[in-house]
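Notes for the structure review
Here is what each chain is made of, one letter per residue.
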Amino acid sequence: MRIVVFGSTGGVGRHFVNQALEKGMAVTALVRSPGKLADLPEGLTLVPGDMSDEEAVYYTVAGADAVVCALGAPLQDKSGIRATGTATIIRAMKDACVGRLVCLSSIGAGDSYPLIPALYRYFLGPLIMEHMFADHEAQEAEIAASGLDWIIARPGPYRDGDRTGTYAHGVSADVPDRKLKFHINRADVADFLIRQLSDNTYLHKPAWLTS
């Protein structure tokens, strides 16, 4: 399976690339600074460029079996790079007849906002996470209207740690009785993204994800 990754040098993206290569997948990544991934194992193809280069995005997507979007930005970033970048990815996927899109969003986006703790809902969200949530929601709207076979992952705040393979996930209408732990290891988020490449449980759905 050939997987294309956007956002491969971020915390989750890098874990995803490592895990996908461990599973024998061929991975192609569009990267602005190829040196950041130079230490990874064989099986990784690097395409120099960034999301503003539409031709490079199209070139990267051509021939893929699936695309993973893990684009990120600083909390106060107002560029809307997740939404605009994802729109470019979707156009490239349609042009190349690539159907599967797995996208990294965030818990708190869309109808998952009530799931986040009060500190985030009433303080951190409105004050410092407003632009991030707005960008993710615009990104998710692009995906929902794309006509692709898409799955959106909405993890809680990241922390360091090994992949455990045991974490909670579901849709906003299906929250377990126990209190969610909320945070999640980046390596486990990457594990979940890999599972969505072939699992249809959350096809055309956004899924929350916590430890």
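Model, not experiment: these values are computed from the prediction.

What counts, and at which threshold
- Residues numbered from 1 in each chain as written.
- Predicted model: local features only at pLDDT ≥ 70, side-chain atom pairs only at ≥ 80, totals over all residues.
- Heavy atoms only, no water.
- Helix = DSSP H or I, 4+ residues; strand = E, 2+ residues; numbered from the N terminus.
- Salt bridge = Lys/Arg side-chain N within 4 Å of Asp/Glu carboxyl O.
- Buried < 20%, exposed > 50% of the residue type's maximum accessible area, 1.4 Å probe, protein only.
- Axes fitted to C-alpha atoms, helices over the stretch in contact; angles between N-to-C directions.
- Parallel < 35°, antiparallel > 145°, perpendicular 65-115°, else oblique.
- Left-handed = near helix turned anticlockwise from the far one by under 90°.
- Contact = heavy atoms within 4.5 Å.
- Nonpolar A, V, L, I, M, F, W, Y, C, P; charged D, E, K, R; others polar.
- Arc of directions from axis to C-beta.

Moving on, we come to unusual backbone geometry. Phi is positive for Cys97, close to 60°, though the residue is something other than glycine. In this fold, Cys97 is placed in the loop between α3 (81–96) and β5 (100–104). The residue His204 is not glycine, and still its phi comes out positive at about 65°.

Across all of its chains, the model carries seven salt bridges by this definition. Between Arg91 and Glu54 there is a salt bridge, and its shortest N-O distance comes to 3.3 Å. Linking Arg91 in helix α3 with Glu54 in helix α2 (residues 54–61), this pair joins segments that are 37 residues apart in sequence. What makes Glu54 partly exposed here is its relative accessible area of 34%. The partner of Arg154 in a salt bridge is Asp111, with the nearest N and O atoms 2.7 Å apart. In this pair, Arg154 is assigned in strand β6 (residues 149–155) and Asp111 in the loop between β5 and α4 (118–128), connecting sequence segments 43 residues apart. A residue is classified by how much of its surface remains accessible, and Asp111, at 51% relative accessible area, is exposed. Three or more residues are tied together by salt bridges with common partners; here these are Asp111, Glu140 and Arg154.

To continue, consider the packing of α2 against α3. For any two helices packed against each other, one specifies the inter-axial angle together with the distance between the axes. Where α2 meets α3, the axes come as close as 9 Å, and the angle between the chain directions of the two elements is 45°. Classified by the interaxial angle, the pair formed by α2 and α3 is oblique. With respect to the hand of their crossing, α2 and α3 are arranged in right-handed fashion. Mapping the contact onto sequence places Glu54, Val57, Tyr58 and Val61 in α2 and Thr88, Ile89, Arg91, Ala92, Met93, Asp95 and Ala96 in α3. Residue classes in the contact of α2 with α3 are distributed as seven nonpolar, one polar and three charged.

In this section: α2. Residues spaced three or four apart along an α-helix point in a common direction, a consequence of the helix completing one turn every 3.6 residues. Turning to α2, its buried residues number three or more, namely Ala56, Val57, Thr60 and Val61. On an axial view of α2, the arc spanned by its buried residues comes to 130°, and they lie on one face. In α2, those exposed residues whose orientation departs by more than 90 degrees from the buried face are Glu55 and Tyr59. Of the surrounding elements, those touching the buried residues of α2 are β1 (2–6), β2 (26–31), β3 (44–48), β4 (66–69) and α3. Positive phi shows up at Gly63, right after α2, with a value of about 85°.

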